[in-house]
Amino acid sequence: MIHAIGLTKTFETRKGAVEAVRGVRIEVAEGEIVAFLGPNGAGKTTTMRLLTTLLKPTSGTATIAGHDLFADPTGVRRRIGYVAQGATVSPMGYVGEDLEVQARLYGLRPAEARARVREVLAQLDLTGVEQRVAGSLSGGQRRRVDIAMGLLHRPALLFLDEPTTGLDPQSRANLWGHIRRLRDDEGVTVFFSTHYLDEADALCDRVLIIDHGRIVTEGTPAQLKAGIGPDATLDDVFLTVTGRELREEAVA
Ligand SMILES: Nc1ncnc2c1ncn2[C@@H]1O[C@H](COP(=O)(O)OP(=O)(O)OP(=O)(O)O)[C@@H](O)[C@H]1O
């Protein structure tokens, strides 16, 4: 679903070139849930923005959901959903209305758009919130509305940038259930970044860790932990490969 080789992004700034992403290789198979971890400034968001066509790579090759990232970015966009960091729905907007506008932008007729909105809200256990303003929903519900926005056009691949940041533990665990169900029931492949190692451990099939713009390790949580030693946790893996504690980063 994702085949990226040698993906590089260099930002030219007044202070010189910043090599944010330095030749990463990312392979994600259909139906996988993959967690993307790294310290602050490691290159996670830049990589996500490259893979979702929001930034143009400096070099590399990539096929995303069957479309070439360079030759056919529009084809890529049709097949992917991207839920950026933080809330994207307006707190003052009515949930149903906002979703319907988005669905219309994807080319659905009014009746189709309404039906699709109902369907997506039901998938995310949000039936009945159409008439609510987003600002009146709980943090977890609002995050699910954000995800609903990204699912309206039935993407095969969903990118989530730190989907659970700012949520309480119960809402986080609840969201994991929804993400897993999207994969299990709808066949959606999920690539998400997170600052929470417990989340990666609980939710994903495979972990990629990026540091200084390079993938420093990857594997299933079990493989990565076994590589460190008996009783190792993903925190131990992270500390070993990056020399830093992710938990400190999350609150920094
Ligand atoms: N538009 C830009 N211009 C210049 N440098 C940038 C730009 N965007 C990102 N960078 C730099 O690229 C590096 C990677 O940033 P990026 O936001 O991808 O990291 P991240 O892993 O997502 O970090 P965080 O966890 O803090 O969100 C950082 O050094 C950052 O300062």
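Rules of the game
- Residues numbered from 1 in each chain as written.
- Predicted model: local features only at pLDDT ≥ 70, side-chain atom pairs only at ≥ 80, totals over all residues.
- Heavy atoms only, no water.
- UniProt positions renumbered as here; feature names shortened; annotations may be inferred.
- Pairing = 2+ DSSP bridges.
- Helix = DSSP H or I, 4+ residues; strand = E, 2+ residues; numbered from the N terminus.
- Contact = heavy atoms within 4.5 Å.
- Axes fitted to C-alpha atoms, helices over the stretch in contact; angles between N-to-C directions.
- Expected span 1.5 Å × (residues − 1).
- Buried < 20%, exposed > 50% of the residue type's maximum accessible area, 1.4 Å probe, protein only.
- Polar contact = N/O pair within 3.5 Å; in protein donor to acceptor, adjacent residues only side chain to side chain.

- As recorded in an unreviewed UniProt entry, the chain goes by the name ABC transporter ATP-binding protein, listed as coming from Acrocarpospora macrocephala.
- As stated in UniProt under Subcellular location (unreviewed entry), the record for the chain gives "Cell membrane".
- Recorded in UniProt for the chain, the comment headed Sequence similarities (unreviewed entry) runs: "Belongs to the ABC transporter superfamily."

## Comments concerning the sheet that holds strand 4 (residues 59-64)
Part 1: Taken together, 4 strands build an open sheet; the order of strands is 2-1-4-5 and the sheet is antiparallel. A single partner strand is all that each edge strand has here, and the edge strands are strand 2 (16-28) and strand 5 (67-68).
Part 2: Sheet topology places strand 1 (residues 2-13) next to strand 4; 5 bridges connect them, and they run antiparallel. The residue bridging Ala4 from the neighbouring strand is Ala62, located in strand 4.
Part 3: Against the sheet, helix 1 (residues 44-51) engages strand 1, strand 2 and strand 4, with an angle of about 115 degrees to strand 1.

## A closer look at the sheet that holds strand 3 (residues 33-37)
Part 1: Strand order in this open sheet of 6 strands is 6-7-8-3-9-10, and the pairing throughout is mixed. Every interior strand has two partners, whereas the edge strands, strand 6 (80-83) and strand 10 (214-219), have only one. In this sheet, neighbouring strand axes are inclined to one another by 15 degrees on average, regardless of whether the strands run parallel or antiparallel.
Part 2: In this structure, strand 9 (residues 206-211) lies alongside strand 10, joined through 5 bridges in antiparallel fashion. Of the residues in strand 10, the one forming a bridge with Asp211 is Arg214.

## Things to note about helix 5 (residues 139-151)
Part 1: With 13 residues, helix 5 extends 19 Å from end C-alpha to end C-alpha; this agrees with the ideal 18 Å at 1.5 Å per step.
Part 2: Among the 13 residues of helix 5, 10 are classified as buried, and the element is accordingly described as predominantly covered.
Part 3: All of the buried residues along helix 5 are Gly140, Arg143, Arg144, Val145, Asp146, Ile147, Ala148, Met149, Gly150 and Leu151.
Part 4: Buried positions along helix 5 lie against strand 6, helix 3 (95-105), helix 4 (110-123), strand 7 (157-161) and helix 6 (169-186).

## Looking at the side chain of Arg206
Part 1: Residue placement: Arg206 occurs in strand 9.
Part 2: A relative accessible area of 14% places Arg206 in the buried class.
Part 3: At a separation of 2.5 Å, a polar atom in the side chain of Arg206 contacts the main-chain carbonyl oxygen of Glu27.
Part 4: At a separation of 2.7 Å, a polar atom in the side chain of Arg206 contacts the side chain of Glu32.
Part 5: Beyond its immediate sequence surroundings of up to four residues, Arg206 is in contact with Glu27, Val28, Glu32, Ile33, Val34, Ala35, Glu218, Gly219, Thr220 and Pro221.

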